[in-house]
Amino acid sequence: MSFVADASCNDGSVIIAHLVQTSAAAPSQWEGGLADNRPVFIRYRWGTLQIHIGPSGGGVSSAISATPWFDKEVGEKMGAFIELDEVLQYSGLQLA
């Protein structure tokens, strides 16, 4: 699944401008970018949802190595699958 949009986030919201699902399960995983040009990496495995946001203009690798912006156990310990709408609900991220 992929998503692309044009948007800005002047109100402080964290808005996803484009996103590609790179793995459906074990882990569920997405890579993309925010409306303010920061890369984002989303991963759900072992019941834990982590969202990493890198510096503006950086690549996905800079997001992967960044301290998690969101890191929370949201499912069962063996959980390895999550839908994007659940990610948005738990984290507060928004699609453009």
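As the structure is a prediction and not an experimental result, all values here were calculated from the model.

**Quick word on the confidence of the model for the chain**
Right, so step 1: Predicted confidence across the chain gives a mean pLDDT of 90, with 88% of residues reaching 70 or more.
Right, so step 2: A low-confidence stretch, residues 1-10 stays under pLDDT 50, and its non-local contacts, those more than four residues away or across chains, total 26 contacts.

**Some points on the environment of Gly58**
Right, so step 1: Along the polypeptide, Gly58 turns up in the loop between strand S5 (48-53) and helix H1 (60-64).
Right, so step 2: Residue Gly58 is classed as partly exposed on the basis of its relative accessible area of 29%.

**Overview of the side chain of Gln29**
Right, so step 1: Relative to the helices and strands, Gln29 resides in strand S3 (residues 28-34).
Right, so step 2: You can call Gln29 buried: its relative accessible area is 13%.
Right, so step 3: Within polar-contact distance, the side chain of Gln29 engages the side chain of Arg43 at 3.0 Å.

**Things to note about the nonpolar core**
Right, so step 1: Ranked by size, the top nonpolar core spans 18 residues in total, and within it Ile42, Ile51 and Val87 carry the most contacts.
Right, so step 2: Of all elements in the fold, only strand S2 (15-23), S3, strand S4 (39-45), S5 and helix H2 (84-91) reach the threshold of two or more residues within this core.
Right, so step 3: When sequence neighbours within four positions are dropped, the list of residues in contact with Val87 reads Trp30, Ile42, Leu49, Ile51, Ile82 and Gly92.

**A few points about the environment of Pro39**
Right, so step 1: Examined against the element boundaries, Pro39 turns out to sit in strand S4.
Right, so step 2: Among the residues examined, Pro39 registers a relative accessible area of 4% and is labelled buried.
Right, so step 3: Placed 20 residues apart in sequence, Pro39 and Leu19 show a C-alpha to C-alpha distance of 9.7 Å.
Right, so step 4: When near neighbours in sequence (up to four residues on either side) are disregarded, Pro39 contacts Gly32, Gly33, His52, Ile53, Gly54, Pro55, Gly58, Gly59, Val60, Ser62 and Ala63.

**Points about unusual backbone geometry**
Right, so step 1: For the bond running from Ala26 to Pro27, omega is 5°, close enough to zero to count as cis.
Right, so step 2: Residue position: Pro27 is located in the loop between S2 and S3.
Right, so step 3: Of note, the phi angle at Ala26 is positive, near 55°, even though the residue is not glycine.
Right, so step 4: Counting through the fold element by element, Ala26 comes out in the loop between S2 and S3.
Right, so step 5: Residue Asn37 is not a glycine yet carries a positive backbone phi of 75°.
Right, so step 6: Inspection of the secondary structure assignment puts Asn37 in the loop between S3 and S4.

Reading guide: rules and limits
- Residues numbered from 1 in each chain as written.
- Predicted model: local features only at pLDDT ≥ 70, side-chain atom pairs only at ≥ 80, totals over all residues.
- Heavy atoms only, no water.
- pLDDT = per-residue confidence, 0-100.
- Contact = heavy atoms within 4.5 Å.
- Helix = DSSP H or I, 4+ residues; strand = E, 2+ residues; numbered from the N terminus.
- Buried < 20%, exposed > 50% of the residue type's maximum accessible area, 1.4 Å probe, protein only.
- Polar contact = N/O pair within 3.5 Å; in protein donor to acceptor, adjacent residues only side chain to side chain.
- Core = buried A, V, L, I, M, F, W, Y, C linked by side-chain atoms within 4.5 Å.

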